[in-house]
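Next come the chains, spelled out residue by residue.
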Amino acid sequence: MLRLALKYRNRKPKQVPCLCMKILSSNYSTILNNYRLRKACDWHRHNPVTPYVVPRQWNVPHTRQYGMIVVRVLRGALKLRYILLGGAIGGGVSLTKKYEDWKDGLPDMKWLEEVFPQGSQWNNVSKKLVEISNAIKDVIEIANDDIKAKTTVSALSLSNDESRKKYESLQSQVEALQTEIMNVQIKYQKELEKMEKENRELRQQYLILKTNKKTTTKRIKKSLIDMYSEVLDELSGYDTSYSVADHLPRVVVVGDQSSGKTSVLESIAKARIFPRGSGEMMTRAPVKVTLAEGPYHVAQFRDSDREYDLNKEADLSELRREIELRMRASVRGGKTVSNDVISMTVKGPGLQRMVLVDLPGIISTMTVDMASDTKDSIHQMTKHYMSNPNAIILCIQDGSVDAERSNVTDLVMQCDPMGRRTIFVLTKVDLAEELADPDRIRKILSGKLFPMKAIGYYAVVTGRGRKDDSIEAIRQYEEDFFKNSKLFHRRGVIMPHQVTSRNLSLAVSDRFWKMVRETIEQQADAFKATRFNLETEWKNNFPRLRESGRDELFDKAKCEILDEVVTLSQISSKKWEEALNGKLWEKLSNYVFENIYLPAAQSGSQNSFNTMIDIKLRQWAEQALPAKSVEAGWETLQTEFTNLMEKAKKNPDHDDIFDNLKATVVDEAIRRHFWEDKAIDMLRVIQLNTLEDRFVHDKTEWDQAVKFLENSVKSKLSQTEETLQEMFGPGQFTRITQWKSISDDQIKRRRVKTELEKILRDDKHLPVLSYDELTTVRKNLQRDNVDVDTDYIRQTWFPIYRRHFLKHALQRANDCRKAYFLYSTQGTECEISCSDVVLFWRIQQVIKVTSNALRQQVINREARRLDKEIKEVLDEFNDDEEKKSQLLTGKRVTLAEELIKVRHIQEKLEEFINSLNQEK
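Residues numbered from 1 in each chain as written. Predicted model: local features only at pLDDT ≥ 70, side-chain atom pairs only at ≥ 80, totals over all residues. Heavy atoms only, no water.

Asker: Is there a simple way to explain the overall build of the protein chain in this structure?
Answerer: For the protein chain, the helix and strand inventory stands at 30 helices and nine strands. The contacts in the protein chain between residues at least 6 apart in sequence include a share of 78% that link residues at least 24 apart. Looking at the protein chain as shown, the accessible area adds up to about 53,500 Å², and 51% of this sits on carbon and sulfur atoms. (Helix = DSSP H or I, 4+ residues; strand = E, 2+ residues; numbered from the N terminus. Contact = heavy atoms within 4.5 Å. Areas by Shrake-Rupley, 256 points an atom, 1.4 Å probe, with all protein chains shown as cover.)

What follows is the structure in structure tokens.
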């Protein structure tokens, strides 16, 4: 390219080829400058002193350079113009699109045009408002005229017909105006309810969108009423006697049985959630219902994750059945009512936030199926809840029953004599209007009939007596009734805000939250003081320990027990075999001596001895030996585990608070544990095969068998000597040195012993006395004036003969100690009879292979099964709060439990107060 540039640098444009022309027009100056720079660098490298002279033909005229600069500037300006123009057009289009998207995303506000009147509609509404104000003025004027007319009429005693007609016309006008005002108020209330319904629907949509929104990083914040309900749940589990200043507000629903308490609560909750019975007591325990606002109408128990859809009849039926089952389960010990609180939450759109406690109805008489203390228990429970100075008492009175027959009003007057926290509710007003005088109902709702005082009086209709009516049907029936009710056709004190369940719900909710705001900080301070006192007591009594409740202590004990189970696998094989050998011989020794060795030793010859031994050993291995071996293995496992537990107690860091729990868990697990059944069959095969071997293989095994025989015989001989000492009394030396004497029976047995020892001079005497020998001994004793019977002689004979036999057995074992060479060469025809040693060698081999099999079974299977059973027992105890309270006791536990609960309640109270202040 450089060559092309140099070749065509002085030619005219027409003489330059197209390709070269393009290259020169775009890169001529760049290429030429680079070439000049390289030439200058090469010259300077070879001639560092002589300056480099640029050739004349390289000098481009300045005008051409200036022209090229101008061209470049113009080209850049044009390019910048196109960029600006394109950016402006693209930005405008993008901005227009974003504006349209933002405009489409705005909510539809056309519904405001329907709610708020505009134009001619507003003029009509304003005219109606003016008419209503004029009507109210006319009513006031007519009322004043009515008063004046009444005064005049009373003064003249209605002397003439003209005055009477004028009075009646005025009275009819007043009643007509009252009816018109009532209709206007009802119409206004309906419009208000319509707007509230639309507001609830919008609110529901908002809550649904808020609930469905992804919250991966932020935790959903609980509502105020849910937080407050959790505090009340904690308090109900902490102290049911209000001794720790639990004066937090609740709405306590009280009333006579079948007065409509449950129906009022259902109307407030907008769902028929409680079971019903015809005349039967259904509410048997306090039911705490937390009402909260939510997108869906659902109910949920505090201790369950299941939600019941209150819009589905199937879920409602299951909810009522579950409440009934929980109530019946809470009644124990033959009681009719219970103090155990059933906590549940009801959420739905438009529900007023509050906490209500439905109590069993007050009864005046008891039926035969009730406990004898039912009436007193209900009175005590009701007074207990109403005694809370901040509890709102919702007193329910049946309007269809004479007020004088009410039982609940006296209790309410005792707990709230001034009526500062009582709200009176008259139910079944539709029935009351048919049965009673409307004026009487007005007196009840105005507080003039009862001496009981209240901060508010309300009248509701709880239904039409149909069990299948929905809440919406009941509410519609209630509105229609009060619209046409005679209670408002005359002047009185009843106002529209005193009727319907909806107004009642609003009033109770407002009062509830007002009381909560007034008292919550005071209750938080009370718990703060209680916490300080408990923490001070803990520091004084347990300064180096952390506050651990029963659950935490149980988890710690659980870990320690399971760690000690793991250490079973760390016991050496040698130790396992030694323990199993000792336990096996302890289990089997008595049977070997009494049923095998002693009977065979009296057979008379060595061949008969061996034959009898083979028969008895085989029978033993097929029947009793495997089961006894498994029993020995299980007892060994139990002993070793118990030893590990006892060893852990010697640890300096051992905490004795767990001892009772550990012992109970281990005992229960051991009681449940059984050895695998297939182990018995496996042991039977091994033991039978081992007993088939009748020849001692080497000198070492022979010596071990002799030693085993001697130790076993010496142990039995020691036991026999103890029996003889108890039978014959202490010896002469012991009687002198220890000042002991012998009894008459012991003296008589000594005389019998002397006669029996004469018979034992024959070394080969049988273990049983013959009849002649018994007669001889008895007659010899009679000559010495000792009268005994044959049974007495036999009882004395058995230990004496056993000692005689065991001493001879020791002597034979000593003789056989060095006779292995003769045994190995001569076999059964050996001059020295060593069948005893061979028998105990065979038994020793059986014990060895059995202990080895049991050791493998323990390590591979039984230790794991025991670990599993201990875990099952621990899990059962963990779910049993009563069991944990029995096994983990002491001041340290109770004080820590109380401190943890108080601290937890105080933290929840502070969290609730902070949220309450933020809502303000």
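Next comes the rest of the account.
Asker: What am I meant to see in the state of the cysteines here?
Answerer: The bond known as a disulfide is covalent and runs between the sulfur atoms of two cysteines. Applying the stated rule across the entire model yields one disulfide. Between Cys816 and Cys834 runs a disulfide, and the two sulfur atoms are separated by 2.2 Å. When the S-S torsion is -105°, as for the bridge of Cys816 with Cys834, the disulfide is left-handed. Remark: Cys834 occurs in the loop between helix H27 (820-826) and helix H28 (835-879) and Cys816 occurs in helix H26 (residues 790-816); sequence separation between them is 18 residues. With a relative accessible area of 5%, Cys834 lands in the buried category. (Disulfide = S-S within 2.5 Å. Buried < 20%, exposed > 50% of the residue type's maximum accessible area, 1.4 Å probe, protein only.)

Asker: Before we go on, may I ask you to explain helix H17 (residues 573-601) in this structure?
Answerer: Owing to its 3.6 residues per turn, the α-helix aligns residues three or four sequence positions apart on the same side. In this model, H17 (29 residues) spans only 36 Å end to end at C-alpha, well below the 42 Å of a helix rising 1.5 Å per residue. Within H17, the axis deviates most sharply at Val592, by approximately 45°. (Expected span 1.5 Å × (residues − 1). Bend = angle between axes of the 7 residues up to and from the residue.)

Asker: Sorry, what's going on with the pattern of salt bridges here?
Answerer: Side chains bearing opposite charge may pair, as long as their charged atoms lie close to each other. One pass over the structure, following the stated rule, counts 49 salt bridges. Between Arg618 and Glu692 there is a salt bridge, and its shortest N-O distance comes to 3.1 Å. One end of the pair, Arg618, is in helix H18 (residues 606-622); the other, Glu692, is in the loop between helix H21 (678-691) and helix H22 (699-728), with 74 residues separating them in the sequence. Classification of Glu692 by relative accessible area gives partly exposed; the value is 40%. (Salt bridge = Lys/Arg side-chain N within 4 Å of Asp/Glu carboxyl O.)

Asker: Whenever I open this one, the packing of aromatic side chains confuses me. Can you help?
Answerer: Both the distance between ring centres and the angle between the ring planes are used here to describe each pair of aromatic rings. By the definition in use, this model includes 21 aromatic pairs. A centroid spacing of 6.1 Å and a plane angle of 90° characterise the contact between Phe301 and Tyr308, whose relative ring orientation is edge-to-face. Considered together, Phe301 and Tyr308 belong to a single accessibility category, that of buried residues. We note Lys748 situated over the ring of Tyr792; from NZ or CZ to the ring centre the distance is 5.8 Å. (Phe/Tyr/Trp six-rings, centres within 6.5 Å; stacked < 30°, edge-to-face > 60°. Lys NZ or Arg CZ within 6 Å of the ring centre and 35° of its normal.)

Asker: What should I look at first to understand the confidence of the model for the protein chain in this one?
Answerer: On average, residues of the protein chain carry a pLDDT of 77, and 72% of them reach 70 or more. A low-confidence stretch, residues 1-28 (pLDDT under 50), is modelled with 26 contacts involving residues beyond four sequence positions or located in other chains. The model gives residues 240-245 a pLDDT under 50, and that stretch makes 13 contacts with residues more than four places away or in other chains. (pLDDT = per-residue confidence, 0-100.)

Asker: So what exactly am I meant to see when it comes to the packing of helix H15 (residues 501-541) against helix H30 (residues 891-919) here?
Answerer: Each pair of packed helices can be summarised by the angle the axes make with each other and by the distance between the axes. Close contact between H15 and H30 brings their axes to 8 Å; oriented N to C, the two are set at 150°. By the angle between their directions, the pair H15 and H30 is classed as roughly antiparallel. Read as a crossing pair, H15 and H30 show a hand that is left-handed. The residue inventory of the contact of H15 with H30, partitioned by class, reads 16 nonpolar, five polar and 12 charged. (Axes fitted to C-alpha atoms, helices over the stretch in contact; angles between N-to-C directions. Parallel < 35°, antiparallel > 145°, perpendicular 65-115°, else oblique. Left-handed = near helix turned anticlockwise from the far one by under 90°. Nonpolar A, V, L, I, M, F, W, Y, C, P; charged D, E, K, R; others polar.)

Asker: Help me understand H21, please; the structure alone is not making it clear to me.
Answerer: Counted at 1.5 Å a residue, the expected span for H21 with its 14 residues is 20 Å, and the 20 Å between its end C-alpha atoms agrees. In this structure, the buried residues of H21 make contact with H18, helix H19 (625-649) and H28.

Asker: So what exactly am I meant to see when it comes to the nonpolar core here?
Answerer: Most often, soluble globular proteins keep nonpolar side chains buried together rather than apart. Counting 98 residues, the largest nonpolar core has Trp702, Leu756, Leu839 and Ile870 as the members making the most contacts within it. It is H28 that contributes the most residues to this core, 16 residues altogether. Not counting residues up to four positions away in its chain, the partners in contact with Leu756 are Leu769, Val777, Ile793, Thr796, Trp797 and Ile800. If you look at the next biggest cluster of nonpolar residues, it comprises 66 residues, including Leu235, Met354, Val508 and Ala524. (Core = buried A, V, L, I, M, F, W, Y, C linked by side-chain atoms within 4.5 Å.)

Asker: Help me understand the sheet that holds strand E5 (residues 342-348) in this model?
Answerer: Strands belonging to one sheet form pairs held by backbone hydrogen bonds; the direction of such a pair is parallel or antiparallel. As summarised here, the arrangement of the nine strands in space is E4-E3-E5-E2-E6-E1-E7-E8-E9, forming an open sheet in which the pairing is mixed. Both outer strands of the open sheet, strand E4 (308-309) and strand E9 (456-459), are each paired with one neighbouring strand and no more. The pairing of strand E1 (residues 251-255) with strand E6 (residues 354-358) spans three bridges and is classified as parallel. The residue of E6 that forms the bridge with Val252 is Val357. Of the strands in this sheet, E1, strand E2 (287-293), E5, E6, strand E7 (392-398) and strand E8 (422-427) are in contact with helix H8 (residues 261-269), which crosses E6 at around 160°. Those strands touched by helix H11 (residues 408-415) are E1, E7 and E8, and its axis lies near 160° from that of E7. (Pairing = 2+ DSSP bridges.)

Asker: When you look at unusual backbone geometry in this model, what are you seeing that I'm missing?
Answerer: Here the phi dihedral of Ser258 falls at roughly 65°; this positive angle occurs in a residue that is not glycine. Look at Ser258 and you get exposed, because its relative accessible area is 53%. The backbone of Thr500 shows a phi angle near 75°, a positive value even though the residue is not glycine. For Thr500, a relative accessible area of 10% gives the class buried.

Asker: What's the story with the side chain of Arg284 in this structure? I'm lost.
Answerer: Of note, Arg284 is situated in the loop between H8 and E2. A polar side-chain atom of Arg284 sits 3.3 Å from the main-chain carbonyl oxygen of Thr336. Aside from chain neighbours lying at most four places away, what touches Arg284 is Met327, Arg328, Val331, Thr336, Val337, Ser338 and Pro360. (Polar contact = N/O pair within 3.5 Å; in protein donor to acceptor, adjacent residues only side chain to side chain.)

Asker: Even after reading the chapter, I still don't get the environment of Ser259, so can you show me in this structure?
Answerer: Position of Ser259 among the secondary structure elements: in the loop between E1 and H8. Separated by 140 residues in sequence, Ser259 and Gly399 have C-alpha atoms that sit 8.4 Å apart. In this view, Ser259 contacts Ile396, Asp398, Thr427 and Lys428; residues no more than four positions away in its chain are not counted.

Asker: What is the right way to read the pairing of E7 from this model?
Answerer: Along any regular strand, the residues point their side chains to alternate faces of the sheet. With respect to burial, E7 is a largely interior element, seven of its seven residues being buried. Where burial is concerned, the two faces of E7 agree: the one with Ile392, Leu394, Ile396 and Asp398 and the one with Ile393, Cys395 and Gln397 are both buried. Both E1 and E7 contribute to a ladder of five bridges, which runs parallel. Note that in E7 the partner of Gly255 across the bridge is Ile396. The sheet contact formed by E7 and E8 spans six bridges and is parallel. Note on E8: the bridge partner recorded for Cys395 is Phe424.

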